[in-house]
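Each chain is listed here by its residues.
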Amino acid sequence: MKRTLATDVTGAKDEQVKLQGWVHSRRDHGGLIFIDLRDHTGLTQLTIRPEEVDKQVFAAAESIRDEFVIEATGTVQERDEELKNPHIATGDVEVVVQSLRVLNKAETPPIHIHGEDQSSEENRLKYRYLDLRREKMQLMLKKRAEMYKIIREYMEKNDFTEIATPVLANSSPEGARDFLIPSRLHQGKFYALPQAPQQFKQLLMVGGVHRYYQFAACFRDEDPRADRLYGEFYQLDMEMSFVEDGEEVREIIDPLISGLVKDFAGKTLQNDNIPRITYAEAMEKYGSDKPDTRFGMELVDLTEKLTDCGFGVFKKAIDDGGAVKAIAVPKQFSRSEIDKLTDLAKQEGAGGLPYMIVENGVATSSIAKFFSDDELATILETVGAKDGDTIFFGSDKRDKVNKVLGGMRSHLGNELGLKDPDVVAALWVIDFPFYEWDEKANKLDFGHNPFSMPKDGVEALEKEDKLSIVADQFDLVMNGYEASSGAVRNHNPEIMYRAFAALGYDAEYVESKFGAMLNAFKYGAPPHAGCAPGMDRIFMVLMGEDNIREIIAFPKNGSGVDVMMNSPSEIDPEQLKELGL
RNA sequence: GGGCUCGUGGUGUAGCACGGUUAACACGCCUGCCUGUCACGCAGGAGAUCGCCGGUUCAAAUCCGGUCGGGCCCGCCA
C-alpha cells in the first residue's frame, strides 16, 4: 500500500493509502470519531466509523490522545459538499480508516502545539522538540534550508568555492570574548572557537583561492539581545581576490539580497538599486550607523540658524563647537509621554529633551519664548514641521546630539508604527572611520578591526587628524539591523605596521598577534576584499521576526543557557584531570 | 556589571494600587453522553501551599526586605 503524505491525499481520491504522523486533534462523537493527522506537510482528517472497522480499531481510536504517533490505513473519499472544510488544504477529502496502529503514546504536552505562540518562550525553549512541531516553526526550518540553497547556487554561479575552515582555532586579540578550549595534548595551552574565520579566509586568498565562501559558524561569548544569539551564529563568509574597491563586493551581494527580499520572502524592496550612503551621512541624517529607512523623520541641523539664539542651552552648545539638531514627529504627546521620552534621551546621555508643539503654523512650548519669531519660523521651515507635529531638539557635541536624536527617531519609529512590515529597506553604509575615539580608555582605537584598508592608501594614515581617516569598510543594513559588514582588506604588511603604530603599538606587538598573516603577506598576497552577511539576522528580517530565537531550531536563552539540554553543565573531574585543569 | 519589567493549577492570563469567606477565567486534562465534526457539543470532575526565604499584621497572592528565574535595554558585541 502506498505511503501517503497528509497533503497528498487530495490527489489520491478513492485510493487506499497509509498515513503516518501525529494526532493533531481528536473529535469523538461517540459513534463517530474524527482525527486530524498531522505530518510534516500538514493535516488530513481521518474518519473512523464503527461499521467499517473492527471493534479493536474503534476502541483504539477512542483511546488515542493528542500528539500520539499513529499509522492509519484507509480509503481517500471525497466529502459531501456540505462537509467540505475550506479552511484546510485537504478539506475536500477525508480518509475513511480501515486500520489504525498506535506507534507511540504521548503525555499531555506542556506547551500549546496548536496556533500561534500561546506558551511562554521559557517553556517553548525547554520543550523545543514540541515547539518545532508547530506550523510556524516547521516553516522556519524549511525556509531556512531554502534560503541556503538559493545562496549556495548563487555563490557557485559566481565562481565562489565553498571551503571549510577550522573550528578549533586560535584566540584572537581584538573583538569579542573567546570561547576557549583547553588542549589535552598541550596542557596549559588553548584553542579558541573562531569569532569569524577572518584570518583563514584571508590566508585562502594568499593561497590562490579566487573566491571563497562558506556558511561559517562564528562563536562569541558576549551578552545576547533580541537580535543577537548567545554564543554562536552563522554568517555567509565570503572573500574575493584581486578586488581593491569595496564596491565590487557590494555589487556581488546586491542581486542576492534583492532576490531574497523579493522572490524568496515576497516582500517589497524599498529601493531596487540598494543605496549607498556614507557613515558620516548616516550619522548626520539618522543618528545611527544602521538606520531603518522605512520611514523619514530625519535629523535636521539647526546649528547655523541658531548661532545667536537666546536659549542658553543651545547657545552654549554652539559656542562650544557643538550642534543643535531637531526631528519633527507626526504626533502630539501627552505630558507623561514627553516625560518618558525625556528619560530615554537622558539614558542616551542628553541633559534633557527640549520640544515644541506645532499648532496653527506656530511652534509653541515653554522654551519658545527664548527665540525670536524669525527663529521660530526658521525652525519650522528647516525642520519641515506641520501642524500636529512635535519637534524634539538635541544640543551638545555633534556626536552626542546624533546619538540622542537617532535613538529617539528609532524608538518613535517603532512606537508610531512607521515601519512597514512588508517592506525591506536595504542600504550600504560605506566609508566607516578607520579609527575611533575610545571614550572609556581615552585613546584612539580601530573602528571595526585592524584588517581593513585605509581608503586613500598608506598616505592617508599620515594624516594629522586620525579620526578623519576613512576605511574602505562598509555595512549592509536591513530595516535597521546590521546585516553584514565587509571591507577591502589590508594585504600590505607595511600598512599594517603603520596602522598599529598610530595607536602606539610596535612591530613586535603586531608580529606577536598576527604573525601568521603578516608572514603570509610577505609571499605575494593578492589584494582582496569580502564581507560576511549574518544569516540568522537576515533570515529574521526576511521572515518579519523581531526575535532571533524565533527562527533558530535550538537557541540558547537570554542567559546563554540551553534550557532543554541543560548546557552549560558541570564536568566530570576525570575529564578535567585529563586536561590538567 | 547596571536599568526597567514579569513570575498565580499542565498552558496562557485575571485578581495585587485599597490585605479579609471556598483564588477567577480560557485552553488543556479526566469521566459519562453524543454518527458529520473540523475552535465539535452537552453534563460532571480533578488539578494551584500564588517562584523561594524572611518581615509587618489578628490575617499576606496582595504590603516591605532579600533572593532565584525569565524578558527587554545599556554596557559589551561587527
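Residues numbered from 1 in each chain as written. Chains lettered and ligands numbered in written order. Predicted model: local features only at pLDDT ≥ 70, side-chain atom pairs only at ≥ 80, totals over all residues. Heavy atoms only, no water.

Engineer: Sorry, what's going on with the overall build of chain A here?
Structural biologist: In terms of helices and strands, chain A carries 15 helices and 25 strands. Of all 581 residues assigned to chain A, the portion counted as buried reaches 48%. As displayed, chain A has an accessible area near 28,500 Å², and 48% of this comes from carbon and sulfur atoms. One finds the centroid of the 70 positive side-chain charges in chain A at a distance of 3 Å from the centroid of its 100 negative side-chain charges. (Helix = DSSP H or I, 4+ residues; strand = E, 2+ residues; numbered from the N terminus. Buried < 20%, exposed > 50% of the residue type's maximum accessible area, 1.4 Å probe, protein only. Areas by Shrake-Rupley, 256 points an atom, 1.4 Å probe, with all protein chains shown as cover. Lys, Arg positive; Asp, Glu negative; His and termini not counted. Charge placed at Lys NZ, Arg CZ, Asp CG, Glu CD.)

Engineer: When you look at the protein's contact with RNA strand B in this model, what are you seeing that I'm missing?
Structural biologist: Taken together, 48 residues lie around RNA strand B, and D28, R49, E222, R228 and H448 are the ones closest in. Counting only atoms of RNA strand B within 4 Å of the protein, the sugar-phosphate share comes to 53%. The separation between a sugar or linking oxygen of RNA strand B and a polar side-chain atom of H112 is 3.3 Å. Contacts to RNA strand B include N123, whose side-chain N or O atom sits 3.4 Å from a phosphate oxygen. (Near = heavy atom within 4 Å. Polar contact = N/O pair within 3.5 Å; in protein donor to acceptor, adjacent residues only side chain to side chain.)

Engineer: I keep staring at the pairing of strand β11 (residues 231–241) and nothing clicks. Help me out?
Structural biologist: In the case of a regular strand, side chains alternate between the two sheet surfaces. Counting buried positions along β11 gives nine out of eleven residues, so the element sits mostly inside the fold. Here strand β10 (residues 211–220) pairs with β11 via ten bridges, running antiparallel. Bridging from a neighbouring strand, C218 pairs with F233 of β11. For β11 and strand β25 (residues 528–531), the ladder comprises four bridges, and the chain directions are antiparallel. (Pairing = 2+ DSSP bridges.)

Engineer: Would you explain the pattern of salt bridges in this entry?
Structural biologist: Where side chains of opposite charge bring their charged atoms close, a pairing between them can arise. Within this structure, the stated rule accounts for 41 salt bridges. A salt bridge links E146 to K143; the shortest N-O distance between them is 3.9 Å. Here K143 and E146 lie together in helix α4 (residues 135–157), a separation of three residues that amounts to about one turn. Because the salt bridges share partners, they merge into one network encompassing R124, R128, D131, R134, K136, E545 and E550. (Salt bridge = Lys/Arg side-chain N within 4 Å of Asp/Glu carboxyl O.)

Engineer: Explain a negative patch on the surface to me, please; I cannot follow it from the model alone.
Structural biologist: Together, E244, D245, E248 and E251 make up a negatively charged patch on the protein surface. For E248, a relative accessible area of 37% puts it in the partly exposed group. (Patch = residues over 30% accessible without salt bridge, like charges linked within 9 Å, V, L, I, M, F, W, Y side chains within 5 Å.)

Engineer: Got a minute to help me understand the packing of helix α5 (residues 198–206) against helix α13 (residues 507–521) in this structure?
Structural biologist: How two helices sit against one another is set out by the angle between their axes and by the gap between those axes. Between α5 and α13, whose axes approach to 10 Å, the crossing angle comes to 15 degrees. Considering their axes alone, α5 and α13 lie roughly parallel with respect to each other. The hand of the α5/α13 crossing is left-handed. Residues Q199, Q202, L203 and V206 of α5 lie in contact with α13, whose contacting residues are F514, A516, M517, A520 and F521. Considered class by class, the residues forming the contact of α5 with α13 number seven nonpolar, two polar and no charged. (Axes fitted to C-alpha atoms, helices over the stretch in contact; angles between N-to-C directions. Parallel < 35°, antiparallel > 145°, perpendicular 65-115°, else oblique. Left-handed = near helix turned anticlockwise from the far one by under 90°. Contact = heavy atoms within 4.5 Å. Nonpolar A, V, L, I, M, F, W, Y, C, P; charged D, E, K, R; others polar.)

Engineer: Help me understand helix α9 (residues 335–347), please; the structure alone is not making it clear to me.
Structural biologist: The α-helix winds at 3.6 residues per turn, so residues separated by three or four positions along the chain end up facing the same way. With 13 residues, α9 should reach 18 Å at 1.5 Å per residue; the first-to-last C-alpha distance of 19 Å fits that figure. Looking only at α9, the buried set comprises I338, L341, T342 and A345. All buried residues of α9 fall inside an arc of 105 degrees around its axis, so they share one side. Set apart from the buried face of α9 by more than 90 degrees, the exposed residues are K340 and Q347. A positive backbone phi angle near 110 degrees is found at G349, which sits one or two residues after α9. (Expected span 1.5 Å × (residues − 1). Arc of directions from axis to C-beta.)

Engineer: Would you take a moment to explain α13 for this structure?
Structural biologist: For α13, spanning 15 residues, the distance from its first C-alpha to its last is only 15 Å, which falls clearly below the expected 21 Å at 1.5 Å a residue. At F514, α13 shows its largest kink, close to 100 degrees. The elements touched by buried residues of α13 are α5, α12 (493–501) and β25. (Bend = angle between axes of the 7 residues up to and from the residue.)

Engineer: Looking at this structure, I do not really get the sheet that holds strand β16 (residues 355–359). What am I missing?
Structural biologist: As summarised here, the arrangement of the five strands in space is β14-β15-β18-β16-β17, forming an open sheet in which the pairing is antiparallel. This sheet does not close on itself; its edge strands, each paired only once, are β14 (300–301) and β17 (362–364). Summarising the sheet, strand β15 (residues 323–329) and strand β18 (residues 390–396) pair through seven bridges and their orientation is antiparallel. Looking across to β18, one finds that V324 is bridged to S395. Running over the sheet, helix α8 (residues 312–319) touches β15 and β18 and is turned about 45 degrees from β18.

Engineer: Would you mind showing me how to read a nonpolar patch on the surface here?
Structural biologist: On the surface, L180, F190, I571, L576 and L581 cluster together into a nonpolar patch covering about 470 Å² of accessible area. Position of I571 relative to the elements: it lies in the loop between α14 (535–542) and α15 (573–578).

Engineer: Hey, could you run me through the side chain of D237 in this one?
Structural biologist: Within the fold, D237 resides in strand β11. A distance of 3.0 Å separates polar atoms of two side chains, one belonging to D237 and the other to K201.

Engineer: Got a minute to help me understand the packing of aromatic side chains in this structure?
Structural biologist: Any pair of aromatic rings gets described here by the distance separating the centres and the angle formed by the planes. This structure, assessed with the given rule, holds 23 aromatic pairs. Judged by centre distance (5.4 Å) and plane angle (85 degrees), the ring pair of F451 and F514 falls under edge-to-face. Note that F451 is positioned in the loop between β22 (443–446) and β23 (473–478) and F514 in helix α13, a separation of 63 residues in sequence. Assessed through its relative accessible area of 2%, F514 is described here as buried. Taken together, the aromatic side chains of F434, Y435, F446, F451, F500, Y505, Y509 and F514 make up a single cluster linked through ring pairs. Seen from the ring of F264, K143 lies directly overhead, with NZ or CZ sitting 4.2 Å from the centre. It is R250 that lies over the ring of F474; its NZ or CZ is 4.8 Å from the centre. (Phe/Tyr/Trp six-rings, centres within 6.5 Å; stacked < 30°, edge-to-face > 60°. Lys NZ or Arg CZ within 6 Å of the ring centre and 35° of its normal.)

Engineer: Teacher, can you tell me more about the sheet that holds strand β13 (residues 276–278) here?
Structural biologist: Either a parallel or an antiparallel arrangement is found when strands of a sheet pair, and the pairing is made through backbone hydrogen bonds. The strand order across the open sheet built from eight strands is β7-β10-β11-β25-β24-β23-β20-β13, with neighbouring strands paired in mixed fashion. The sheet is open, and its two borders are formed by β7 (161–162) and β13, each paired with just one other strand.

Engineer: Just checking my understanding: could you explain unusual backbone geometry for this structure?
Structural biologist: What you tend to see is this: most non-glycine residues have negative phi, and most peptide bonds are trans. S567 connects to P568 through a cis peptide bond whose omega is 0 degrees. Assignment of secondary structure puts P568 in the loop between α14 and α15. Backbone geometry at E67 places phi at a positive 70 degrees, although glycine is not the residue there. Secondary-structure assignment places E67 in the loop between α1 (55–63) and β5 (69–78).

Engineer: How should I be thinking about the nonpolar core in this particular structure?
Structural biologist: For soluble globular proteins, nonpolar side chains are generally found buried alongside one another. With 70 residues, the main nonpolar core has M147, I151, M238, I257, Y435 and M478 as its most contacted residues. For this core, the element with the most residues is helix α6 (residues 246–264), which contributes eight residues. With residues near it in sequence (within four places) discarded, I257 still touches I274, A426, L476, M478 and I538. (Core = buried A, V, L, I, M, F, W, Y, C linked by side-chain atoms within 4.5 Å.)

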